[in-house]
Amino acid sequence: MSASRHTITDGPVAKHIQLSRALARRVADELTPGQAAPSERDLMTEYGLSRATVRRAVEALIADGLLQRVPAKGTFVVEPRVESQLHLASFTQDMRRRGFVPKTLLVSCVEEAPTAEAARALQMAGGQTAWHISRIRLADDQPIAVETGWYPTATFPGLEREDLAGSLYEIFAQRYGCAIDSAGQTLWGEAAGRTVARQLQTTTSTPLLVFQRTSYAQGKPLEYVTSRYRGDRYQVHMELSSQPSPTRTEGTGQ
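Here's a quick rundown of the structure.

Here we look at the side chain of Ser215
Part 1 of the reasoning: Mapped onto the fold, Ser215 is located in strand 8 (residues 207-217).
Part 2 of the reasoning: With a relative accessible area of 0%, Ser215 lands in the buried category.
Part 3 of the reasoning: A distance of 3.0 Å separates polar atoms of two side chains, one belonging to Ser215 and the other to Tyr169.
Part 4 of the reasoning: Here the side chain of Ser215 touches Arg213 through a polar contact of 3.5 Å, side chain to side chain.

Rendered as structure tokens:
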């Protein structure tokens, strides 16, 4: 570390705050995303501080989103988040526009009876089936999101034979003449469960941004999907107005 021990001194600024500032400078100037941060033992030796003081400084940077702990491995510099503005576009288009290489891994595509919630959102009658599709979305080969969606088989016959590793919205428009033009979306936060954590290559303590969306083509609901994004790699930008919008909330699509 470029700083020396004497930079942490007795004075009006607490030592753990001085150390947090020194570490934050190194994260910004010397370390790269994904690189291991100095261990607590190394920091204790370098600065002549107690473990409690060092741990408090490191925890502050974790709380600020600059560092993250990986169980059994250590503390690492956080990867920068992919930022998205809420708008109606495919994940593929959105990632390309932001300079990332998008990729999709198909987990499953099964024709089955939709859940009651999905059937209600898609305005499906009893006895009708839907495609139940699960996919993992990646940016620059880093898993960003897990998506599980329902799509009426009556509207999309033969969908299982299409390339589902690309943009579903492009398939809907080009193959079926159904261009998604609006969506209603709800957002909440939750912790990653075991299955999602494994799919996103993270831990069960990782926060998720969860988007639940119903998408429409000329007023007809065609998609009911839940997307779980890694909160440590993805963030959303929203423009707010004092006037409520008369249209449905739009969101990043498939």
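Here we look at the packing of helix 1 (residues 15-29) against helix 3 (residues 51-63)
Part 1 of the reasoning: Interhelical geometry of helix 1 versus helix 3 gives an angle of 50 degrees and a closest axis separation of 8 Å. Between helix 1 and helix 3, the crossing angle belongs to the class labelled oblique. Here helix 1 runs over helix 3; the crossing is right-handed. Between helix 1 and helix 3, the residues in contact are Lys15, His16, Leu19, Ser20, Leu23 and Ala24 and Thr53, Val54, Arg56, Ala57, Val58, Ala60 and Leu61, respectively.
Part 2 of the reasoning: Split into classes, the residues belonging to the contact of helix 1 with helix 3 amount to eight nonpolar, three polar and two charged.

A closer look at the packing of aromatic side chains
Centre-to-centre distance and the angle between the planes together describe a pair of aromatic rings.
Part 1 of the reasoning: Counted by the stated rule, this structure contains five aromatic pairs.
Part 2 of the reasoning: For the pair Phe156 and Tyr176, a centre-to-centre distance of 5.1 Å together with 85 degrees between the ring planes defines the contact as edge-to-face. On the criterion of sequence distance, the pair formed by Phe156 in the loop between strand 6 (142-152) and helix 6 (168-176) and Tyr176 in helix 6 is long-range, its members being 20 residues apart.
Part 3 of the reasoning: Owing to a relative accessible area of 0%, Phe156 belongs among the buried residues under this scheme.
Part 4 of the reasoning: Each residue in the set Tyr151, Phe156, Tyr169, Phe172 and Tyr176 is aromatic and connected to the rest through ring pairs, giving one cluster.

Thresholds, definitions, all that
- Residues numbered from 1 in each chain as written.
- Predicted model: local features only at pLDDT ≥ 70, side-chain atom pairs only at ≥ 80, totals over all residues.
- Heavy atoms only, no water.
- Helix = DSSP H or I, 4+ residues; strand = E, 2+ residues; numbered from the N terminus.
- Buried < 20%, exposed > 50% of the residue type's maximum accessible area, 1.4 Å probe, protein only.
- Polar contact = N/O pair within 3.5 Å; in protein donor to acceptor, adjacent residues only side chain to side chain.
- Axes fitted to C-alpha atoms, helices over the stretch in contact; angles between N-to-C directions.
- Parallel < 35°, antiparallel > 145°, perpendicular 65-115°, else oblique.
- Left-handed = near helix turned anticlockwise from the far one by under 90°.
- Contact = heavy atoms within 4.5 Å.
- Nonpolar A, V, L, I, M, F, W, Y, C, P; charged D, E, K, R; others polar.
- Phe/Tyr/Trp six-rings, centres within 6.5 Å; stacked < 30°, edge-to-face > 60°.

By themselves these figures say nothing about function.
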